[in-house]
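Architecture and fold: a report
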2 protein chains.
Amino acid sequence: MATIKDVAKLAGVGLGTASRVINNSGYVSEVTKKKVLKAIEQLGYVPNETARAFVTQDSKIVALFLPSIHHPFFSELAFYIEDELNKNGYNMIICNSSGQIEKELNYINMLKQNKVSGIIGITYNSIENEINNSMPIVLVDRHMGENIPYVSSDNYAGGQLAFQVLKDTGCMNVAYIGTFSKTIITEVEKRRKGFEDAAKQNGTQCTLYIEEDPIKDETAFLNSFLKIFKDINGVFVENDVMALKLVQLALELNINIPEQLSIIGYDGIETYSALRPRLSTIRQPIERMGRSLVELVIKRINGVPVEPAIHSVVFLQGDTTIS
Amino acid sequence: MATIKDVAKLAGVGLGTASRVINNSGYVSEVTKKKVLKAIEQLGYVPNETARAFVTQDSKIVALFLPSIHHPFFSELAFYIEDELNKNGYNMIICNSSGQIEKELNYINMLKQNKVSGIIGITYNSIENEINNSMPIVLVDRHMGENIPYVSSDNYAGGQLAFQVLKDTGCMNVAYIGTFSKTIITEVEKRRKGFEDAAKQNGTQCTLYIEEDPIKDETAFLNSFLKIFKDINGVFVENDVMALKLVQLALELNINIPEQLSIIGYDGIETYSALRPRLSTIRQPIERMGRSLVELVIKRINGVPVEPAIHSVVFLQGDTTIS
């Protein structure tokens, strides 16, 4: 296999000149550049990319932290992140990190060593003390220190919108179903706050039915709700997966949906859009969020300051609310 | 930041000795090794991983080709592949390659340059001419040349099993619904073959309802089936996603499932297991397949010869067949 020495020799230039052309760094005259490129072509020279990364210190790899790729919201987001990274010449490493903080710390260490160029993080682990605002890290749905940028949908407005829809379709007794965390503050809690505030402003009775994340037995948790709160006729559930489960459990208990109980989820997951009954939900613009995450992390890799990006949401009418 | 030179100086050893300790290669006495490790600790020296990869030529990265991570079967498989790679010290790059052969070729080129160590490929692109059996590549559900190893479930037995279940529950007129490809031979076609052969051996009428992959309008394709083949009372569908769509379309047409029409899918996707009606399906052992793919690709990276791995399947009773 041809080496850079062979290229330099055939082109009649020094090793340094050949290297500058290959790495596209430093001044080389157009005439000399052409000679080197011709030699590269003639010899079928393939630059060793690892060696090149060693020189440029940009591995062109971004690590994506996910609780689990085996979740339809995360896999949909990951799809668009990979697509946008690829368009920008970056590769994406996946790190399924649910409950495994040491995996995330390992990648943060790789970032310090330039083995990865940046990190996009959907994380519920406590990594605050391991990162700082000079690192090219962008988070999803989570604040972590003043200056770590993040991307989220407008969770507060989403909560308000969910209440508005329930109110407009005649639900007079509503509930929010979801989780809370004692250790970290996530953007997701704004969904509850937006919903609660809107209900309060309207003078509507609003029940909070929440359990600490992760819920040990989600089926039992949801079944209890259906059996205890029989007067409630409108529910906003933290995410689509849990909302769909509630729909199914309600149907098994012969509760009419949406007449007896209206249900709204949050996410707008594409994987579930073909299912019946179709879930009414607050849709996050997943594709736009994915591409925006990549834009921000690349800016950070290049040392450009960035602002958080909050994306607006819409209501998707399905079969689980009165139309 | 401390360099390897600082480490060597503090330990009182040569640069080559310090390098051998850091890269764990070549002989170094225990006493000297301890000196170097102590110096590393005192200086807080972090080895540059890119530089290390340059020396060892194993990037510890495996690329996973998927048509799209935004598909519940692939994301479930990807989850276990990442988990097993991680346990073995490898990182996983995702390549969503549906219809984008140039993306796959780019990774194959990176493999040639040692930028990735191996490839696990779920691919429907024509890359036969770009790979050879000396490369550390393992495929899923697809033969490509004599010596490229692959992992699959026992698709032929799965097709036979689906027919057996339909027969045992009284379906006398059955159909296979799926796709075919003119350009490549996939393992998936064995599902059809197993089903067809079993029906023939039993003397049962069997209709093939197939269209070239990718199907342009799947809803129209499935609705046509339901409207034309009203006498058919048992169907085996190529995969769960399409089977679930058929279930929903049938319910919209007020066809009773399973009494009028029994439906069996293929995959056993976990994401759908909570949905109602629960799909009856032939379940691939997705976790075992994912871990087995990693085992094979690591053997290939280390130059160890391997055999294809065929995993057995089971029938999962749901609500779409008579129990």
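Our subject is the structure listed above.
Conventions used here
Counting starts from 1 at the beginning of each chain's written sequence and moves along it residue by residue. A letter from A marks each chain and a number from 1 marks each ligand, given out in the order of writing. Given that this is a predicted model, residues contribute local features only at a pLDDT of at least 70 and side-chain atom pairs are listed and counted only at 80 or more, while totals for whole chains, interfaces and linings are drawn from all residues. Processing note: side-chain calculations cover all non-hydrogen atoms of the structure and skip hydrogens and water entirely. Starting at the N terminus, helices and strands are each numbered in turn, a helix being any DSSP run of H or I of at least four residues and a strand any DSSP run of E of at least two. Just to be clear, the radius of gyration here is over C-alpha atoms, and the globule rule we use is 2.2 Å times residues to the power 0.38. Here the term buried applies to any residue with accessible area under 20% of the maximum for its type, exposed to any over 50%, and partly exposed to those in between, with areas from a 1.4 Å probe on protein chains only. Pairs of residues are marked as contacts when any of their non-hydrogen atoms sit within 4.5 Å. Calculation of accessible area relied on Shrake-Rupley with a 1.4 Å probe; when residues are assessed, cover is drawn exclusively from the protein chains displayed. Here the positive residues are Lys and Arg and the negative ones are Asp and Glu; neither His nor the chain ends is included. Where a charge sits is defined by one atom per residue type, namely NZ (Lys), CZ (Arg), CG (Asp) or CD (Glu). Aromatic contacts are taken between Phe, Tyr and Trp rings whose centres are within 6.5 Å, Trp giving its six-membered ring; a plane angle under 30 degrees counts as stacked, one over 60 as edge-to-face, and the others as tilted. By this definition, two strands are paired if DSSP reports at least two bridges between them. A pairing counts as a salt bridge when a side-chain nitrogen of Lys or Arg comes within 4 Å of a carboxyl oxygen of Asp or Glu. Residues adjacent in sequence count toward polar contacts only when both atoms are side-chain atoms; beyond that, a polar contact is any pair of N or O atoms within 3.5 Å, and within protein one must be able to donate a hydrogen and the other to accept it. Throughout, an axis means a line fitted to C-alpha atoms (over the contacting stretch in the case of helices), and angles, computed between N-to-C directions, take values from 0 to 180 degrees. Any angle from 65 to 115 degrees is called roughly perpendicular, while one under 35 is roughly parallel, one over 145 is roughly antiparallel, and all others are oblique. Rotating anticlockwise by less than a right angle from the far helix to the near helix defines a left-handed crossing, while the corresponding clockwise rotation defines a right-handed one. Three residue categories are used. Nonpolar comprises Ala, Val, Leu, Ile, Met, Phe, Trp, Tyr, Cys and Pro, charged comprises Asp, Glu, Lys and Arg, and polar comprises the others, including Gly. Multiply 1.5 Å by the residue count of a helix minus one, and that product is the helix's expected span. Directions pointing from the helix axis toward each C-beta atom define the arc. In this description, a nonpolar core means a group of buried Ala, Val, Leu, Ile, Met, Phe, Trp, Tyr and Cys residues linked to one another through side-chain atoms lying within 4.5 Å.

Okay, the overall build of chain A next. Tallying secondary structure elements over chain A gives 11 helices and 12 strands in all. In summary, chain A has a C-alpha radius of gyration of 26 Å against a globular reference of 20 Å for 323 residues, an excess of more than 25%. Burial status across chain A gives 54% buried among its 323 residues. If you take every contact in chain A between residues at least 6 apart in sequence, the share linking residues at least 24 apart comes to 70%. Put simply, chain A shows about 14,300 Å² of open surface, and 50% of that area lies on carbon and sulfur atoms. Looking at charge distribution, chain A has the averaged site of its 32 positive side-chain charges lying 9 Å from that of its 37 negative ones.

Let us look at the packing of aromatic side chains. In total, this model carries 24 aromatic pairs over all chains according to the counting rule given. Aromatic side chains Phe 79 of chain A and Tyr 80 of chain A sit 5.1 Å apart centroid to centroid with 80° between the ring planes, which places their arrangement in the edge-to-face category. The exposure class assigned to Tyr 80 of chain A is buried, which follows from its relative accessible area of 15%. Here Phe 163 of chain B and Phe 195 of chain B contribute two aromatic rings whose centre-to-centre distance is 6.0 Å and whose plane-to-plane angle is 75°, an arrangement assigned as edge-to-face. Here Phe 195 of chain B lies in helix α8 (residues 189–202) and Phe 163 of chain B lies in helix α7 (residues 155–168), a separation of 32 residues in the sequence. Among the residues examined, Phe 163 of chain B registers a relative accessible area of 2% and is labelled buried. Among the residues examined, Phe 195 of chain B registers a relative accessible area of 0% and is labelled buried.

Attention shifts here to the pairing of strand β5 (residues 150–153) of chain B. All names here are of chain B. The alternating pattern of β5 places Tyr 150 and Ser 152 on one face and Val 151 and Ser 153 on the opposite face, and all of these are buried. Relative to β5, strand β4 (residues 137–140) runs parallel, the two sharing two bridges. Its bridge partner being in β5, Val 140 is matched across the sheet by Val 151.

As a further point, take the pattern of salt bridges. Applying the stated rule across the entire model yields 24 salt bridges over all chains. In this structure, the salt-bridge partner of Asp 141 of chain A is Arg 191 of chain A, at a minimum N-O distance of 3.7 Å. Highlighted residues: Asp 141 of chain A in the loop between β4 (137–140) and β5 (150–153) and Arg 191 of chain A in helix α8 (residues 189–202), separated in sequence by 50 residues. The buried category is assigned to Asp 141 of chain A, whose relative accessible area is 7%. Ionic pairing is found between Glu 187 of chain B and Lys 190 of chain B, a salt bridge with its closest N-O pair at 2.7 Å. We classify Glu 187 of chain B as buried; its relative accessible area is 2%. Each of Asp 83, Glu 84, Lys 87, Glu 287 and Arg 291 of chain A takes part in a single network of salt bridges with overlapping partners.

Residue and element names in this part refer to chain A. What helix α9 (residues 218–228) keeps buried is the set Phe 221, Leu 222, Asn 223, Phe 225 and Leu 226. Contacts from the buried residues of α9 go to β6 (173–180), β7 (205–212), β8 (234–237) and α10 (240–252). N-cap assignment for α9: the residue whose side-chain oxygen lies 3.2 Å from the backbone N of Thr 219 is Asp 217.

Before going further, it helps to examine the sheet that holds strand β6 (residues 173–180) of chain B. Residue and element names in this part refer to chain B. What the six strands build is an open sheet, ordered β7-β6-β8-β9-β10-β12; its pairing is mixed. The sheet is open, and its two edges are formed by β7 (205–212) and β12 (314–316), each paired on a single side. Within the sheet, the average angular offset between the axes of one strand and its neighbour, ignoring direction, is 20°. Sheet analysis places β6 next to strand β8 (residues 234–237), joined by four bridges and oriented parallel. For Tyr 176, the partnering residue across the bridge sits in β8 and is Phe 236.

Bringing the packing of helix α5 (residues 72–87) of chain B against helix α11 (residues 286–301) of chain B into the picture now. All names here are of chain B. Close contact between α5 and α11 brings their axes to 8 Å; oriented N to C, the two are set at 45°. Judged by the inter-axis angle, α5 sits oblique to α11. Crossing hand, α5 versus α11: right-handed. Along its contact with α5, which presents Phe 73, Glu 76, Leu 77, Tyr 80, Ile 81, Asp 83, Glu 84, Leu 85 and Lys 87, the element α11 presents Ile 286, Glu 287, Met 289, Gly 290, Arg 291, Leu 293 and Val 294. Along the lines of polarity and charge, the residues of the contact of α5 with α11 split into nine nonpolar, one polar and six charged.

On to the side chain of Gln 284 of chain A. All names here are of chain A. In this structure, Gln 284 sits in the loop between β10 (280–283) and α11 (286–301). At 2.9 Å, the side chain of Gln 284 and the side chain of Ser 153 are in polar contact. Polar contacts involving the side chain of Gln 284 include one to the side chain of Asp 267, which spans 2.8 Å. In contact with Gln 284, not counting residues within four places along its chain, are Phe 73, Ser 153, Arg 191, Tyr 266, Asp 267, Met 289 and Val 313.

On to helix α3 (residues 30–43) of chain A. Residue and element names in this part refer to chain A. When the terminal C-alpha atoms of α3 are compared, their 20 Å separation across 14 residues agrees well with the 20 Å that a helix rising 1.5 Å per residue should span. Within the sequence span of α3, burial applies to Thr 32, Val 36, Ala 39 and Ile 40. With its buried residues spanning 100° around the axis, α3 presents them on a single face. The exposed residues of α3 that point more than 90 degrees off its buried face are Glu 30, Val 31, Lys 34, Lys 38, Glu 41 and Gln 42. Elements in contact with the buried residues of α3: α1 (4–11) and α2 (15–22). Phi for Gly 44, located one or two positions after α3, is positive at around 60°.

What follows covers the sheet that holds strand β11 (residues 309–311) of chain A. The 12 strands lie next to each other as β11(A)-β5(A)-β4(A)-β3(A)-β1(A)-β2(A)-β2(B)-β1(B)-β3(B)-β4(B)-β5(B)-β11(B), forming an open sheet whose pairing is mixed. Of all strands in the sheet, those with a lone pairing partner are β11 of chain A together with β11 (309–311) of chain B, marking the two edges. Averaged over all pairs of adjacent strands, the angle between strand axes in this sheet comes to 20°, irrespective of strand direction. In this sheet, strand β3 (residues 118–121) of chain B lies alongside strand β1 (residues 61–66) of chain B in parallel orientation, the contact comprising four bridges. Each bridged residue has a counterpart across the sheet, and for Ala 63 of chain B the counterpart in β3 of chain B is Ile 119 of chain B. On top of the sheet, helix α6 (residues 101–112) of chain A reaches β1 (61–66), β2 (91–96), β3 (118–121) and β4 of chain A together with β2 (91–96) of chain B; it is set at about 150° to β2 of chain A, its chief contact. Contacting β2 of chain A together with β1, β2, β3 and β4 of chain B, α5 of chain B crosses the sheet at an angle of about 155° to β2 of chain B.

Within soluble globular proteins, side chains that are nonpolar tend to cluster in buried spots. By size, the foremost hydrophobic cluster in this structure holds 108 residues, and its most contacted members are Ile 177 of chain A together with Ile 177 of chain B. When residues no more than four places from it in sequence are discounted, the contact partners of Ile 177 of chain B are Tyr 209, Phe 221, Leu 222, Phe 225, Val 235, Phe 236, Val 237, Glu 238, Met 242 and Leu 246 of chain B. Counting residues in each nonpolar core, the second largest holds 38 residues, with Met 110 and Ile 148 of chain A together with Cys 95 and Met 110 of chain B among its members.

Once that is clear, we can look at the pairing of β7 of chain B. As defined by bridge partners, β6 of chain B adjoins β7 of chain B across eight bridges and the pair is classed as parallel. Across the sheet, residue Ala 175 of chain B finds its bridge partner in β7 of chain B, namely Thr 207 of chain B.

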